[in-house]
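Structure assessment
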Amino acid sequence: QVQLVESGGGLVQPGGSLRLSCAASGTIFSPNAMGWHRQAPGKERELVARITSGGSTNYADSVKGRFTVSRDNAKNTVYLQMSSLKPEDTAVYYCNYGSIWPPRDYWGQGTQVTVSS
């Protein structure tokens, strides 16, 4: 059982920055991956960024060069530093945790990010 709690969402102007945090608690297995997905109204949920316990990262093409995902393994916390934000980044951002063995996948409750002038 893993609980994920996101924080850091809010309203920001285009070109601004936000930092999201997600703290995982419970039984954490390694190797694992933690990351962020987002979903805008009427659109499919999409991967934004992901980082494994070994430090490998993946990013959506739309956020490369603007977003940075990182993690603190000691705190079981993943971060998403977002800069140069665009209106199209507006979405609910969901934290995700997954392990290969045992095979598990957990989601946070989501945090709203709104980019608007």
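Below you will find a few notes about this structure. One numbering rule holds for all chains: residues counted from 1, following each sequence as written. Residue-level local features of this predicted model are given only where pLDDT is at least 70; pairs of side-chain atoms are given and counted only at 80 or more, and the full residue set underlies all totals for whole chains, interfaces and linings. Calculated side-chain values reflect all of the structure's heavy atoms, with hydrogen atoms and water omitted.

**Notes on the environment of Gln1**
Turning to its location among the elements, Gln1 is positioned in the segment before β1 (2-7). Once the C-alpha coordinates of Gln1 and Arg104 are considered, the two residues, 103 residues apart in sequence, prove to be 8.8 Å apart. Only heavy atoms enter the contact rule, under which two residues are in contact if any of them lie within 4.5 Å. Not counting residues up to four positions away in its chain, the partners in contact with Gln1 are Ser25, Gly26, Thr27 and Tyr106. Helix numbering and strand numbering both begin at the N terminus, where a helix is a DSSP run of H or I of at least 4 residues and a strand a DSSP run of E of at least 2.

**Overview of the packing of aromatic side chains**
In this description, a pair of aromatic rings is defined by centroid distance and the angle of the planes. Under the pairing criterion, centres of Phe, Tyr and Trp rings, with the six-membered ring standing for Trp, must be within 6.5 Å; the plane angle then separates stacked pairs below 30 degrees from edge-to-face pairs above 60, leaving the rest tilted. For the structure on display, the rule yields one aromatic pair. Between the aromatic rings of Tyr97 and Tyr106, the centroid separation amounts to 6.2 Å while the plane-to-plane angle is 40°, which identifies the pairing as tilted. A simple rule labels every residue: compare its accessible area, found with a 1.4 Å probe on the protein chains alone, to the largest value its type can have, and call it buried under 20%, exposed over 50%, or partly exposed in between. Among the residues examined, Tyr97 registers a relative accessible area of 1% and is labelled buried. A relative accessible area of 16% means that Tyr106 is categorised as buried. We call a charge positioned over a ring when the NZ of a Lys or the CZ of an Arg lies within 6 Å of the ring centre and within 35 degrees of the ring normal. Above the ring of Tyr79, the side-chain terminus of Arg19 is found at 4.2 Å from the ring centroid. One cation-aromatic arrangement involves Arg45 over Trp107; the distance from NZ or CZ to the ring centre is 4.8 Å.

**What about unusual backbone geometry?**
Looking along the chain, the bond that leaves Ser30 and enters Pro31 is cis, with omega of 0°. Looking at the secondary structure, you find Pro31 in the loop between β3 (18-26) and β4 (32-39). Its identity is not glycine, yet Asn76 carries a phi of approximately 50°, on the positive side. Take Asn76: it is sitting in the loop between β7 (67-72) and β8 (77-82). You can call Asn76 partly exposed: its relative accessible area is 22%. For Ser84, which is not glycine, the phi dihedral falls at a positive 50°. According to the relative accessible area criterion, Ser84 is partly exposed, its value standing at 39%.

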